[in-house]
Amino acid sequence: MTFVEPLATNVSIVIGRPRTAVDALPAYRPGKAASQAEEEHGITDAIKLASNENPWGPVPAVVEAITAELAGINRYADHRATELRQRIAEWVGVDAASVTVGAGSAGILQQLLLTYVDADDEVVYPWRSFEVYPVYTQLVGGTAVTPALDDTLTSDLGTVAAAITDKTKLVLLANPNNPTGTALDIDSLRSFLAEIRDDVIVVIDEAYREFMDPVLGNPVTDVLPHHPNAVVLRTFSKAQGLAALRVGYAVGHPGVIESIDKTMVPFAVNGLAQAGAIAAIDSMDEIMERVDTLKAERGRVVAELVSRGYEIPDAQANFVYLPLGAETESVYLSLEKQGVVTRPFPGEGLRVTISSAEENDRFLASLPR
Ligand SMILES: *Cc1c(COP(=O)(O)O)cnc(C)c1O
């Protein structure tokens, strides 16, 4: 038998009978690659500031650890990633039973939805926020309840608390929020948790933790001990620069961790990822120096944008958000034609990843006003 239909990516041919929830999902669209922009516009030297990646490769110790591990990949790695969990636990100051790992924190997020949300249960998350929240909610048949951000583009915990009903199983809080970059402090998280029902799992998604102002506090030490229904999600993808390796972790009550672990894909965190993540923990001083460089660059970019008259929400992650409204698409396209690929949210704003000084200068020089 021969296939007559071309396997083109822009043609959708449904084979079999996907679940209704899956059929209704839009395909996930990652940030555009620099090479794709080059092809589309006939340019060279495009740069990608669209996916909040670290501009620098992994620190040398991570490369060494992964290289050493390579020869052993004929064997399955430790399914539970026991050593990595132990090392993360020591690093963040909890027991190993309070830590799990997954294929990126996005992988753990999906496990959280699978663990807690039945069809028609409600998942509350402020909107706009991380784009996988609606996808995963829909995938399990949950109902998304999405109170608006406040007028500083920050999550509004008052409206989130008011949106919680008997059907609410999960609350998802990206902190700092993606794409707006704004963050909540520990006191507001604590008052929120004290106010709501304690059988609602509250996920504090700290993918950008290392870029936050430390005065905003640490939920692992200041929230988790008081609220067993809170879970903190973190990742090695952003500050540690291991996005393609796929390692994230969750810190929470052992009872929550045990439930999440039941949904684990076997060997989800592979041996190379386990070795690389452990080496990253050993190299945190070096990694935090790079984070400091990026934070200084963020300050410089924000100051320049403000001096040009842009209103920029408080930037607590490794990106800046330009709330351009109706101008978003034209500014996006103008930047892209000059080889600067950013992330547009049509009609709302543009998210631009903070990169090396040179790439940030390219962005600033290419911005129309
Ligand atoms: C980037 C990001 C993640 C996770 O990425 P992983 O690579 O899957 O760890 C999670 N949450 C938010 C808000 C993010 O921006």
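Everything quoted here is computed from the prediction, not taken from an experiment. (Residues numbered from 1 in each chain as written. Predicted model: local features only at pLDDT ≥ 70, side-chain atom pairs only at ≥ 80, totals over all residues. Heavy atoms only, no water.)

**Section: the overall build of the protein**
Piece 1. A tally of helices and strands in the protein yields 14 helices and twelve strands.
Piece 2. Over its C-alpha atoms the protein spans a radius of gyration of 21 Å, differing by no more than 12% from the 21 Å that the globule rule assigns to 369 residues.
Piece 3. Overall size of the protein, expressed as C-alpha extent along the three principal axes, is 55 × 50 × 50 Å.
Piece 4. Burial status across the protein gives 50% buried among its 369 residues.
Piece 5. Put simply, 71% of the contacts in the protein that link residues at least 6 apart link residues at least 24 apart.
Piece 6. On the protein, roughly 17,200 Å² of surface is accessible, and the fraction owed to carbon and sulfur atoms is 53%.
Piece 7. Between the mean site of the 29 positive side-chain charges and the mean site of the 50 negative ones, the protein shows a separation of 4 Å. (Helix = DSSP H or I, 4+ residues; strand = E, 2+ residues; numbered from the N terminus. Rg over C-alpha atoms; globule rule 2.2 N^0.38 Å. Buried < 20%, exposed > 50% of the residue type's maximum accessible area, 1.4 Å probe, protein only. Contact = heavy atoms within 4.5 Å. Areas by Shrake-Rupley, 256 points an atom, 1.4 Å probe, with all protein chains shown as cover. Lys, Arg positive; Asp, Glu negative; His and termini not counted. Charge placed at Lys NZ, Arg CZ, Asp CG, Glu CD.)

**Quick word on the site of the ligand**
Piece 1. Taken together, G104, S105, A106, F130, N178, D205, A207, Y208, T235, S237, K238 and R246 make up the full set of residues adjacent to the ligand.
Piece 2. Here an oxygen atom of the ligand sits 2.9 Å away from a polar atom, N or O, in the main chain of A106.
Piece 3. Here an oxygen atom of the ligand sits 3.3 Å away from a polar atom, N or O, in the side chain of K238.
Piece 4. For the ligand, the protein covers 93% of the area, taking 390 Å² as the surface of the free molecule. (Near = heavy atom within 4 Å. Polar contact = N/O pair within 3.5 Å; in protein donor to acceptor, adjacent residues only side chain to side chain.)

**Things to note about the sheet that holds strand β7 (residues 230–235)**
Two strands in a sheet stick together by hydrogen bonds in their backbones, pointing the same way (parallel) or opposite ways (antiparallel).
Piece 1. One open sheet holds the seven strands; their spatial order is β2-β8-β7-β6-β5-β3-β4, and the pairing between them is mixed. Each of the sheet's edge strands pairs with one partner strand only, and the pair in question is β2 (99–102) and β4 (143–145). Within the sheet, the average angular offset between the axes of one strand and its neighbour, ignoring direction, is 25 degrees.
Piece 2. Judged from the four bridges that link them, strand β6 (residues 201–205) and β7 form a sheet pairing that is parallel. Bridging from a neighbouring strand, D205 pairs with L233 of β7. (Pairing = 2+ DSSP bridges. Axes fitted to C-alpha atoms, helices over the stretch in contact; angles between N-to-C directions.)

**Re the side chain of D205**
Piece 1. Within the secondary structure layout, D205 lies in strand β6.
Piece 2. The buried charged residue D205 lacks any salt bridge, with K238 as its nearest oppositely charged partner at 7.2 Å.
Piece 3. When near neighbours in sequence (up to four residues on either side) are disregarded, D205 contacts L109, F130, Y133, L173, A174, N175, P176 and L233. (Salt bridge = Lys/Arg side-chain N within 4 Å of Asp/Glu carboxyl O.)

**Some remarks on a negative patch on the surface**
Piece 1. Side chains of D285, E286, E289 and D292 sit close together on the surface and give a patch of like negative charge.
Piece 2. Position of D292 relative to the elements: it lies in helix α12 (residues 284–307). (Patch = residues over 30% accessible without salt bridge, like charges linked within 9 Å, V, L, I, M, F, W, Y side chains within 5 Å.)

**What to know about unusual backbone geometry**
Piece 1. In this chain, W127 is followed by R128 through a cis amide linkage whose omega measures 15 degrees.
Piece 2. For R128, the position within the fold is in the loop between β3 (122–124) and α6 (132–139).
Piece 3. Cis geometry is adopted by the peptide bond preceding P179, which originates at N178 and carries an omega value of 20 degrees.
Piece 4. Assignment of secondary structure puts P179 in the loop between β5 (168–174) and α8 (186–195).
Piece 5. Even without glycine at this site, D45 takes up a positive phi of about 65 degrees.
Piece 6. Secondary-structure assignment places D45 in the loop between α2 (34–41) and β1 (47–48).
Piece 7. Backbone geometry places N52, a non-glycine residue, at a positive phi of 55 degrees.
Piece 8. Within the fold, N52 resides in the loop between β1 and α3 (60–70).

**Observations regarding the pairing of strand β8 (residues 248–252)**
Piece 1. In terms of residue burial, β8 counts as a mostly covered element, since five of its five residues are buried.
Piece 2. Here β8 shows a buried face lined by G248, A250 and G252 and a second buried face lined by Y249 and V251.
Piece 3. Here β2 runs beside β8; their pairing, made up of four bridges, is antiparallel. For V101, the partnering residue across the bridge sits in β8 and is Y249.
Piece 4. Relative to β8, β7 runs antiparallel, the two being bridged by five bridges. Its bridge partner lying in β8, T235 is registered against G248.

**Things to note about the domain arrangement of the protein**
Piece 1. According to the domain assignment, the protein contains domain 1 (30–52 + 285–366) and domain 2 (60–282).
Piece 2. Here domain 1 and domain 2 have C-alpha centroids that lie 25 Å from each other.
Piece 3. Run the count over domain 1 and domain 2 and you get two salt bridges.
Piece 4. Residue R128 pairs with E348 through a salt bridge whose shortest N-O separation is 2.8 Å.
Piece 5. Summed over the shared surface of domain 1 and domain 2, the result is eight residue pairs in polar contact (both at pLDDT 80 or more).
Piece 6. Elements that contribute at least two residues to the side of domain 1 that touches domain 2 include exactly α12, β9 (319–322) and β11 (343–345).
Piece 7. Ranked by the residues each element gives to the side of domain 1 that touches domain 2, the list is headed by α12, at seven residues.
Piece 8. Within the side of domain 1 that touches domain 2, the residues separate by chemical class into eleven nonpolar, four polar and seven charged. (Domains from an automatic or database assignment. Nonpolar A, V, L, I, M, F, W, Y, C, P; charged D, E, K, R; others polar.)

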